[in-house]
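Chain by chain, the residues:
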Amino acid sequence: MEQEIVSTICHETVRQVLKKNELKPHLCRRYVIPPQQSAEFVMHMEEVLELYHRPYDPALPVICMDEQPVQLVQETREPLPARPGQPAAIDYEYERKGTANLFLFTEPLAGRRKAVVTERRTAINWALEIQRLLDEDYQNCAKVILVCDQLNTHKLAATPPNMAVGSISPKMSSRP
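On a predicted model such as this, the values are computed, not experimentally measured, just so you know.

### Side note on the overall build of the protein
Right, on to step 1. Looking only at helices and strands, the protein has 3 helices and 5 strands in total.
Right, on to step 2. When the helices and strands of the protein are read in sequence order from the N terminus, they spell out α-α-β-β-β-α-β-β.
Right, on to step 3. Relative to its full complement of 176 residues, the protein shows a buried share of 23%.
Right, on to step 4. As displayed, the protein offers around 13400 Å² of accessible surface, 55% of which is attributable to carbon and sulfur atoms.

Structure (structure tokens):
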């Protein structure tokens with residue numbers, strides 16, 4: 001096969017070539033390969049899996065927690081509404097309006113979830129949200145079990161006394 005450099009190319013040509021070869025460059029699968037022969041990784045993973053196999057106990061709930069920084073954007077042009085046979089049209093240009101942090105708490109066996117938005121992602125924000133969760137949603141529980149990743153802002157010393165940090169997911173395992 002001979003490769004030639006093309007100075008211009010039509011987007012339709014690119015679309016047809018990608019379709020013909022069943023390539024989807026806009027899609028990617030992300031995963032993390034765990035470290036080889038890591039006893040610590042296996043120990044943490046087994047702890048988490050054991051927690052997930054426990055029967056539901058409303059007196060000792062298992063709460064999973066994660067967070068995600070997000071970029072706040074505003075449209076620079078008014079989007080065109082959808083019409084019959086046409087999807088809505090949104091311009092790719094945007095104006096950056098700062099950042100925020102999303103905390104997500106889930107209790108899978110009870111079917112509960114809670115999302116909280118904060119301006120920053122700091123150890124103090126994390127501790128405040130954990131305390132707020134206990135005070136507002138789990139005030140009748142003597143203890144709750146928290147499953148979270150090993151992010152640098154998750155200061156276990158900041159967990160309240162009624163929060164049993166049952167397990168911390170292994171490093172490099174919090175993303176599918």
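From this point on, the discussion continues.
### Description of the pattern of salt bridges
Right, on to step 1. If you walk through the whole model with that rule in mind, you get 9 salt bridges.
Right, on to step 2. Here Lys 114 makes a salt bridge to Glu 136, at a shortest N to O gap of 3.2 Å. Here the residue Lys 114 occupies a position in strand β3 (residues 112–118), and Glu 136 occupies one in helix α3 (residues 123–137), the gap between them amounting to 22 residues.
Right, on to step 3. Between Lys 114 and Asp 137 there is a salt bridge whose closest N-O contact spans 2.9 Å. Highlighted residues: Lys 114 in strand β3 and Asp 137 in helix α3, separated in sequence by 23 residues.

### So, the nonpolar core
Right, on to step 1. Ranked by size, the top nonpolar core spans 14 residues in total, and within it Met 65, Phe 105, Trp 126 and Tyr 138 carry the most contacts.
Right, on to step 2. Elements supplying a minimum of two residues to this core: β1 (62–75), β2 (94–107), α3 and β4 (144–148).
Right, on to step 3. With near-sequence residues (within four places) excluded, Tyr 138 lies in contact with Pro 61, Ile 63, Glu 107, Arg 112, Leu 133 and Val 144.
Right, on to step 4. Val 48, Val 62, Cys 64 and Ile 145 belong to the second-largest nonpolar core, a separate cluster that totals 6 residues.

The rules we used
Residues numbered from 1 in each chain as written. Predicted model: local features only at pLDDT ≥ 70, side-chain atom pairs only at ≥ 80, totals over all residues. Heavy atoms only, no water. Helix = DSSP H or I, 4+ residues; strand = E, 2+ residues; numbered from the N terminus. Buried < 20%, exposed > 50% of the residue type's maximum accessible area, 1.4 Å probe, protein only. Areas by Shrake-Rupley, 256 points an atom, 1.4 Å probe, with all protein chains shown as cover. Salt bridge = Lys/Arg side-chain N within 4 Å of Asp/Glu carboxyl O. Core = buried A, V, L, I, M, F, W, Y, C linked by side-chain atoms within 4.5 Å. Contact = heavy atoms within 4.5 Å.

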